[in-house]
Amino acid sequence: MAIAQKIGGFIESSSWIRKMFEEGARLKSIHGNDNVYDFSLGNPSIEPPGEFRRYLKSIVENASPGVHAYMPNTGYPHVRKAVADFVNDEQNLAAGEEDVIMTCGAAGGLNIILKAITDADDEIITPAPYFVEYGFYADNHGGRLITVPSGEDFNLDIEAIEKAISPKIKAVLINSPNNPTGRVYPEEILMRLGDLLRKKSLETGRTIYLISDEPYRKITYDGIRVPSVLRCYPNSLMATSYSKDLSIPGERIGYVIVCPEAEDKGLLLQALALANRILGYVNAPALMQRVVGGLQGVHVDVSEYARKREMLCDGLSDFGYRFVKPEGAFYLFPQSPVADEVAFVNALQEERILAVPGSGFGAPGYFRLSFCVDDRVISDSLPGFGRALRKFT
Ligand SMILES: Cc1ncc(COP(=O)(O)O)c(C=O)c1O
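Quick look at the structure, then.

About the thresholds
Residues numbered from 1 in each chain as written. Predicted model: local features only at pLDDT ≥ 70, side-chain atom pairs only at ≥ 80, totals over all residues. Near = placed C-beta within 6 Å. Helix = DSSP H or I, 4+ residues; strand = E, 2+ residues; numbered from the N terminus. Nonpolar A, V, L, I, M, F, W, Y, C, P; charged D, E, K, R; others polar. Pairing = 2+ DSSP bridges. Axes fitted to C-alpha atoms, helices over the stretch in contact; angles between N-to-C directions. Buried ≥ 20, exposed ≤ 12 C-beta atoms within 10 Å, placed from the backbone. Expected span 1.5 Å × (residues − 1). Contact = placed C-beta atoms within 7 Å.

## Points about the site of the ligand
- Close contacts around the ligand come from 13 residues, with G105, A106, A107, S241 and S243 the closest.
- Residue contributions to the shell around the ligand peak at three residues, all from helix α5 (residues 105–117).
- Considering only residue class, the shell around the ligand consists of five nonpolar, seven polar and one charged.

## Focus on the sheet that holds strand β3 (residues 123–128)
- The seven strands are arranged β2-β8-β7-β6-β5-β3-β4 in an open sheet whose pairing can be described as mixed. Looking at which strands have only one partner, the edges of the open sheet turn out to be β2 (100–103) and β4 (144–149). The average undirected angle you get between the axes of adjacent strands in this sheet is 25°.
- Relative to strand β8 (residues 254–258), strand β7 (residues 236–241) runs antiparallel, the two sharing five bridges. For A239, the partnering residue across the bridge sits in β8 and is V256.

## Thoughts on the pairing of strand β5 (residues 169–175)
- Among the seven residues in β5, seven count as buried, and that is most of the element.
- Strand direction decides the pairing type here: β3 and β5, joined by three bridges, are parallel. Each residue of the ladder has a partner; that of E123, found in β5, is I169.
- Note that β5 and strand β6 (residues 209–213) share five bridges and pair parallel.

## Some words on helix α2 (residues 15–31)
- Between its first and last C-alpha, α2 extends 24 Å over 17 residues, near the 24 Å set by a 1.5 Å rise per residue.
- Where burial is concerned, little of α2 is hidden: one out of the 17 residues are buried.

## Section: the environment of A286
- Structurally, A286 is set in helix α10 (residues 286–293).
- Overall, the presence of 18 C-beta atoms within 10 Å leaves A286 in the partly exposed class.
- Distance from A286 to G75, taken between C-alpha atoms, is 7.9 Å for residues 211 residues apart in sequence.
- Those residues within four positions of A286 in sequence are excluded, and the remaining contacts are V67, H68 and M71.

See below:
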């Protein structure tokens, strides 16, 4: 085999994603796109807000010389200042523009953080269910992802995290609002996590970082607000993006913000800037930096996702599906009526419904539905959800 053995293994271990994709394509070719109910992708169904296109247009029309040139690896200073001002206001912080690094989405942000802090065999702890790319990201930088179970209703289980901490710990990686559960971790539990990491940093003699992956931060329901991780623990970093809240995932724009009180912050920031450069991103896309710099606080109409959430949750609970109602993001993570959730996902496919098995998120026995789809997909698919469940109950 000419490709690296490790990548060959990754292709093999994630082959179920390919199989699902192929099965979806097969069903669509037979029944037509409109007759297959695809809940498998986290691609926002809502178009970007009008302000996005207007502002983009005005920036392109008023371009001055040099606008397409390289800039500092961390991004344009005026954009980083706009981001820092917004986050300070939102989270009651005192971050400066130097604490912000513009990145290629949240994924780029997570990779520069892991590149900056990970030594060979360092352990990164994350609660399951988790975003499946985390394992690959940790591996990209020589680290190992260690998963721990979540607590009741997918909340953080602080005791489970404590038990998993070994002398090789480098970071705890959390995601709130969570993909795939929709859970938003409450402040009280983040404070407890912060206390644990302070204690364990002293015990192990290592700085343990808390990394919070928050691309869904602005997509929450019922007035829930995502608490500030940066206020709960000094050695913390938040990675986020505009992929979901401005519906522009293809544009690859986001940022990392470092807690203003982080230890050795100057060195950490230098490491992040270098990682952005040498991972090949060089800098976040210039045009998109300038656009988001002027659109702080603008986001899609979350009430649209709230309506889709109600439609899907009401429809599924009427049939007897069991799930925790999501507090944020646009995913529902119901229990499978049988332990082998792949068998159930196959039964859904017979109804032309595409879902993702929980095993793909380290949580067998569940399946994920992305409700960032047209309302019609939800309403037309509901009878099929009913029929599939009846086969197993
Ligand atoms: C939990 C989580 N983290 C990170 C990402 C990557 O986001 P981005 O497109 O901003 O890189 C996603 C995308 O779906 C996600 O669900």
